Amino acid sequence: MTNPYAISLYLLLTYLILALTFDQTWTSAIAGSITLIGLSVCAWSAFVHFLRRPNHPYRRIGQAIVLFWLGIILNVILALLPSRFHPVWSDALANVTLTLFLLLTALTLVRLIDWSSFRQNRLLYLDGFILFGMSFVFGYMMILQYVPDFARTTVELIAMTIYALCFMALILFFLILYTTGLRGAPQHRILIQAVSLFCFTNFGYYTFLIRDQLDIAAFFLPLYPLSLFGLIRYFRQVPPSITHTYTLSRPYLPYVSLVLLLVWISFFRVPNIVYVLAITLLFSLFLIRQYFSERLNQQLLEEHEVVQLDLAKRVKEKTALLELRKEEYRRLFLDHPEPILQVNRMGTLQTMNPAAIERFGRHLPERLAHQLRQEVVRLETSRKLLLQEDTVTYDTTLIPVPDQDYVYVLLADITETLEQQQWLEGLGYHDVLTRLPNRRYFEDFLQERLTQITSGSLLFIDLDGFKHINDSYGHDAGDYVLQETANRLRLHLRHDEVAARLGGDEFIVFLPRSKADTILYTEELITQLNQPFWFNDSAMSVTPSIGIARYPDDGATTSLLLIRADEAMYSVKQHEKNAYRFK
């Protein structure tokens, strides 16, 4: 309950002193003094841990311990007073505090009982009655039957009877708590030891007290502080929840109680009426319990047989299903048209399906094996990734097998698919005739580029006289002019600059240059485009109209820059042509 060495030292010194000073007067005085000191320490500890914490859920146990200490104080004071200041009724009044201690402690134990256990197991009802009967019979045989002879007045008789009944209630609720699920965890063992020690001490003390053997009864007094220390230690922190399994966890308690009762009534004098009632009632309860226990066992046996048959059926079905799945997996592994590998966690190849053997032979290419080793070592869950082996790309699925040291690797050759995808993407971003980027690509490129620069120019270019070429020389000549224009646009572009075809005879160029450098490029471009276009020995001429929008002065977005450059280009086209103009 507390430090075992401190307990051992306390018991050794206490009972050594009592044994050396064994005398009816001195023994009671010394035992009472030791007990009073120990209970005072208990009362102070209860005040600190419970009463000074108004929100403590088990504050009631602190009140109970203080009341017990107060009762002992009152009894000591009354014992020291002369008889004229010590009326008989005062003893009964002093014992009220001890009775309240028993009542409050019993109510605290009631809070710990999970009463739903009784709904789950009806035998607990019978065990409750049996334990109550045992508690009452033991209490009567050892204490209650002697109370009328010991009590001096009716008031004292009533007080002592109530005290004994509260004590039996404490025993009953403790036994029920222990029976319905109090486990052997270290915290719960403290409660079991504390309550058991208190019951033993109280039984021993009052058994000898009412027989007027005060010198022997005094030997039990020093055990009271130990039991109260155990209660304080258990309840000062909120006790952990008691795990209930809704089964009769302590079925031996009623039987042990019955054996003790039979031994007692066999060797000690018991009134006939008590003997007859105890034997009749308790044995009747035991017969009823055995009847219901037998029915419950039979029911459990039948349920067990049904469960066994159902389990055997399920095992048979699951085994058949497992064999079917194994065959399916085997066929899937062998007949799958794509390569499947089984490698261990170190990346070492263990086995391959026929498709893998046909593709790789008996050994994987070194590059592919190296990539697999890197991935498999740190693999935790299934994942997909791309692996490269020379010019071949594999869509790879890695599947770890639970509780096994190997991984399945599924390989699918997607090289042709990727090439087709890249070809389609190229068509989607480029103009087929001029091989320049189209408007979609230009807008995506410029959207990202604008976030990386501080200034730049967007040139909007329209070819003057292009319709005349188409009409006079044909569309082949027009296509040639467009292709040659694209070549001349690219001629002086840097690596971070782009030219694109919008459609028809319209082109756009973006230059991340200053305004002066933009003018130099534009003038040189006009010179280039003024050169004749030779097609089938015919010289063809076009002139450019170029509108220029500056970033960020004329616009901070791609769409706004295109609008501003288009407006500037139309201004050139209307007034002069073959020139450029800033917005």
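Nothing here was measured: the structure is a model prediction, and the numbers come from that model.

Participant: Report on the pattern of salt bridges, specifying residues and quantitative values.
Facilitator: Under the definition given, this model contains 16 salt bridges. Here glutamate 375 ties to arginine 383 by a salt bridge, and the two come within 2.6 Å at their closest N and O atoms. For arginine 383, a relative accessible area of 35% translates into the label partly exposed. When the shortest N-O distance is used, the salt bridge between arginine 564 and glutamate 567 registers 3.7 Å. Of the two residues, arginine 564 and glutamate 567 are both situated in helix α21 (residues 558-575); the distance of three residues between them amounts to about one turn of the helix. Since its relative accessible area comes to 34%, glutamate 567 is described here as partly exposed. When salt bridges that share partners are traced, they join Asp462, Asp464 and Lys573 into one network.

Participant: With reference to specific residues and values, describe the side chain of glutamine 342.
Facilitator: Mapped onto the elements, glutamine 342 comes out in strand β1 (residues 340-344). Exposure remark for glutamine 342: the relative accessible area of 14% places this residue in the buried category. At 3.5 Å, the side chain of glutamine 342 forms a polar contact with the side chain of tyrosine 408. Look past the residues within four positions of glutamine 342 in its chain and what remains in contact with it is Thr348, Leu349, Gln350, Thr351, Tyr406, Val407 and Tyr408.

Participant: How would you summarise the environment of glycine 478 if you had to cite specific residues and measurements?
Facilitator: With respect to the helices and strands, the residue glycine 478 is situated in helix α19 (residues 475-490). As for glycine 478 and methionine 540, which are separated by 62 residues in sequence, their C-alpha atoms are 9.7 Å apart. Excluding its chain neighbours within four sequence positions, the residues that come into contact with glycine 478 are Phe466, Ile469 and Asn470.

Participant: How would you summarise the packing of aromatic side chains if you had to cite specific residues and measurements?
Facilitator: Enumeration according to the criterion identifies 18 aromatic pairs in this entry. Aromatic pair tyrosine 58 and phenylalanine 235: ring centres 5.1 Å apart, planes at 45°, arrangement tilted. Of this pair, tyrosine 58 sits in the loop between α2 (24-51) and α3 (59-80) while phenylalanine 235 is found in helix α11 (residues 223-235), placing the two residues 177 residues apart along the sequence. Here tyrosine 58 falls in the buried class, since its relative accessible area comes to 9%. Directly above the aromatic system of phenylalanine 533 lies the positively charged group of arginine 488, at a separation of 3.9 Å from the ring centroid.

Participant: Mind laying out the confidence of the model for the chain, listing which residues take part and the relevant values?
Facilitator: Within the chain, residue pLDDT values average 79, and 77% of them lie at 70 or more. Below pLDDT 50 for its whole length, residues 244-249 participates in 21 contacts with residues either more than four positions away or in separate chains.

Participant: Residue-level account of α19, with values.
Facilitator: Counted at 1.5 Å a residue, the expected span for α19 with its 16 residues is 22 Å, and the 23 Å between its end C-alpha atoms agrees. Three or more residues of α19 are buried, namely Ala477, Gly478, Val481, Leu482, Thr485, Ala486, Arg488 and Leu489.

Participant: Tell me about the sheet that holds strand β8 (residues 506-511), and please be specific about residues and values.
Facilitator: Here we have five strands laid out as an open sheet, ordered β7-β8-β6-β11-β12, and mixed in their pairing. This sheet does not close on itself; its edge strands, each paired only once, are β7 (498-503) and β12 (579-582). Strand-to-strand twist across the sheet, computed as the mean angle between neighbouring axes with direction ignored, equals 20°. Contacts from helix α17 (residues 439-449) reach β6 (456-464), β7 and β8, with the element oriented near 140° to β7.

Participant: Describe the sheet that holds strand β4 (residues 392-400), and please don't skip the residues or the numbers.
Facilitator: Pairing in this open sheet of five strands is antiparallel, and the strands run β2-β1-β5-β4-β3 from one edge to the other. Unpaired on one side and paired on the other, β2 (349-352) and β3 (383-389) mark the two borders of the sheet. Between one strand and the next, the sheet's axes are offset by a mean angle of 30°, whatever the strand orientation. As defined by bridge partners, β3 adjoins β4 across seven bridges and the pair is classed as antiparallel. Looking at β4, one finds that lysine 384 is bridged to threonine 397. Its contacts with the sheet place helix α15 (residues 366-377) against β1, β3, β4 and β5 (406-413), and it is angled at close to 155° to β3.

What counts, and at which threshold
Residues numbered from 1 in each chain as written. Predicted model: local features only at pLDDT ≥ 70, side-chain atom pairs only at ≥ 80, totals over all residues. Heavy atoms only, no water. Salt bridge = Lys/Arg side-chain N within 4 Å of Asp/Glu carboxyl O. Buried < 20%, exposed > 50% of the residue type's maximum accessible area, 1.4 Å probe, protein only. Helix = DSSP H or I, 4+ residues; strand = E, 2+ residues; numbered from the N terminus. Polar contact = N/O pair within 3.5 Å; in protein donor to acceptor, adjacent residues only side chain to side chain. Contact = heavy atoms within 4.5 Å. Phe/Tyr/Trp six-rings, centres within 6.5 Å; stacked < 30°, edge-to-face > 60°. Lys NZ or Arg CZ within 6 Å of the ring centre and 35° of its normal. pLDDT = per-residue confidence, 0-100. Expected span 1.5 Å × (residues − 1). Pairing = 2+ DSSP bridges. Axes fitted to C-alpha atoms, helices over the stretch in contact; angles between N-to-C directions.

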